[in-house]
Amino acid sequence: MLSRRGFLKGSISTGVLLSPMLKTLAGEERRLLDYFDCGVASGEPTPEGVIIWTRVPQYARGVSGTEVFYEVATTSDFKPFSLVSRGSVITTERWDHTVNIKLGGLRPYTYYYYRFYTTTGYTSEIGRTKTAPEPDQDIKVKFATLSCQDYIAGFYTVYQNLINEDLDFCVHLGDFIYEGITSSKLFHPARIDIIGEAFLLEQYRAKYRLYLSDPMLREARRLFPFIHVWDDHEVKDDYAGTDLLILDRARQGHQAYAEYLPIDLKDRLSNNLSPQMTRSLRFGSQVDIIAMDLRANRDIMPCKSHILSRGCDGMLDEKLSTLGKSQRTWVKDTLSTSGANWKFLLSSVMFMPFKILPDTNLLKVVHGFFTSVAMAHKGIYINFDAWDGYPAERFDLTQHIYNEGIQNVVVCSGDIHSAFGASIYADPEDVKSPLVAHEITTPSITSRSMSDVALGINLDKIGLDTLFMKANKHMKYAYLKHHGYSLFEVTQNATIVDLVGVSTTAQMYADRVLLKRSVLSPTL
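In this text the structure is predicted, and so the values were computed from the model without any measurement. (Residues numbered from 1 in each chain as written. Predicted model: local features only at pLDDT ≥ 70, side-chain atom pairs only at ≥ 80, totals over all residues. Heavy atoms only, no water.)

**A word on the sheet that holds strand β10 (residues 225–228)**
In plain terms, the rule: DSSP calls a pair of strands paired once it identifies at least 2 bridges connecting them. To qualify as a helix, a DSSP run of H or I must reach at least 4 residues; to qualify as a strand, a run of E must reach at least 2; elements of each kind are numbered from the N terminus. Helix axes are fitted only over the stretch in contact, all axes being lines through C-alpha atoms; the angle between N-to-C directions runs from 0 to 180 degrees. In what follows, a contact means two residues having at least one pair of non-hydrogen atoms within 4.5 Å.
Across the sheet, nine strands lie side by side as β5-β2-β1-β10-β9-β8-β20-β21-β22; this open sheet has mixed pairing. Each edge of the open sheet is held by one strand with a lone partner, namely β5 (98–103) and β22 (512–520). With direction set aside, neighbouring strand axes in the sheet form an average angle of 25°. Relative to strand β9 (residues 169–172), strand β8 (residues 141–146) is paired through four bridges, and the arrangement is parallel. In the strand pairing of β9, Thr145 is matched with Val171. Running over the sheet, helix α6 (residues 215–223) touches β1 (40–43), β2 (50–55) and β10 and is turned about 50° from β1.

**Quick notes on the pairing of strand β17 (residues 419–425)**
So the rule is basically this: Buried means the residue's accessible area, taken with a 1.4 Å probe over protein chains only, is under 20% of the maximum for its type, while exposed means over 50%, and partly exposed covers the values in between.
Among the seven residues in β17, seven count as buried, and that is most of the element. Going residue by residue along β17, you find Ala419, Gly421, Ser423 and Tyr425 tucked away on one face and Phe420, Ala422 and Ile424 tucked away on the opposite face as well. In this structure, β17 lies alongside strand β19 (residues 475–479), joined through four bridges in antiparallel fashion. Paired with Gly421 across the two strands is Tyr477, which belongs to β19. Where β17 and strand β18 (residues 435–441) come together, six bridges link them in antiparallel fashion. What sits directly across from Tyr425, in β18, is Leu435.

**With respect to the environment of Asp96**
Defined as follows: Throughout this description, a polar contact denotes any pair of N or O atoms lying within 3.5 Å of each other; where both atoms belong to protein, one of them has to be capable of donating a hydrogen while the other can accept it, and for residues adjacent in sequence the pair is counted only when both atoms sit in side chains.
Note on placement: Asp96 falls in the loop between β4 (83–91) and β5. Counting along the chain gives 109 residues from Asp96 to Arg205, while the straight-line C-alpha distance between them is 7.9 Å. Discounting residues that sit within four places of it in the chain, Asp96 has contacts with Arg55, Arg205, Arg209, Glu259 and Tyr260. Only 2.3 Å separates the side chain of Asp96 from the side chain of Tyr260, close enough to count as a polar contact.

**Focus on the packing of aromatic side chains**
Condition: Put simply, two rings from Phe, Tyr or Trp (the six-membered ring, in Trp's case) pair if the centres are within 6.5 Å, and we call them stacked under 30 degrees between planes, edge-to-face over 60, tilted for the rest.
Tallying each qualifying case throughout the model produces 19 aromatic pairs. Ring centres 5.6 Å apart and planes at 45° place the aromatic pair Tyr381 and Phe384 in the tilted group. Neither residue differs from the other here; Tyr381 and Phe384 are each classed as buried. Here the aromatic rings of Tyr477 and Tyr479 are separated by 5.8 Å at their centres, their planes lie at 65°, and the arrangement is edge-to-face.

**Looking at unusual backbone geometry**
Where the residue is not glycine, phi is negative for most of them; where a peptide bond is considered, it is trans in most cases. Residues other than glycine seldom take positive phi values, yet Asp96 does so here, at roughly 55°. By relative accessible area, Asp96 is classed as buried at 6%. With a phi close to 65°, Cys148 is a non-glycine residue in the positive phi region.

Laid out in structure tokens, this is it:
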């Protein structure tokens, strides 16, 4: 007879939740996911350590807490000679029975294997991770960037292909979960979200368990260490950290994030302030990863509309910030003092200006539309929730890069669900100003792309990508259809970027498609 535990492993782990059966269980849906094994994960690699993660399922918990034992080895068979670390921690419902263990004393640029077990019946699968090279090691670094994985929008065929790549680590640029449920008469979900919209801590926790029911996502986390930054859907669409009306909801979303991802964040959670994700990680002599937090200290946008909008005078306020004063100073100082050849700025949202029409055409099309001379030359923009909503701060950063002569800066961004490549200039609005950086915007994993929301219009056929590039002279390419990821291979002389797509997310398996290869040369 199939046990309840067996049912969960057999149905949920396929990534296809049996919605009719689950709906007959009424209030049991969330509790069913609590029985599920969420796998293992690792993250935040340094030359001497890494964080390893797991969660004890409901069936294996102690009454007042569970002691979780862990082992780390240089071989996957865990022979005595290969063991390098072992120990135990206690986990309770305070952190939803998850464990984040910060390992130290490891060798640089080395593969390690890890596993967890309890005396109450839980034995994890074996995870694999990799430490970073020493800061002075001149070694090729390979990583991938990912973004936006709405569970109901499609299957994780991106991860199905990613797990076959040869990578040192992965970067997730945010929207790991979606707090709400996409609804549209024209949108037919591929999968069912049995949680509904998350407002409370237990609902956010259930979202992570739902997303981790997908075997491809779990396998990617098992194979590669991840570096995470958050965007908005981990709390609420388009939220700003200074919005007091959402502060309590943000606390609960942040706690679930800290519980379910391999990240050193728990000590930074506070009853009064949003924790800040800002940090840097070094990978040999080639790579500095500089993670920016664009939500915790973000000012509320002053414009009433931020989608396909001409903006408003308030957005030109030089005090308006998405970073906050202290983080902006930290980012600038970190860029200035970095000893790495290439500096990768992690930006959860698009950094480059993104207009819908070129300036010259705009005034002809919408003559008399502008009430502000200051905004007239700016154009109509796609999304002011990105850096376009904070142009003074963006200009301050690009000017700093130029004035300090900082070389080889690459902005890695996500959020917009389609792929773009661009040059970033000292004045981002002026392509005649000096080149200071490159930007690679990675497509979504499943979240609906521009083509997905185009109501059946073939955007490739009408040439919208070409129109975008004409309106935005700094833009080098635009791919509006495919879901996928970006692969970075970093050496002394260049960074090679492969834009990888998948043929579909409408079914569980899909082919890998190489959409474009770019070679980023030194900026100065």
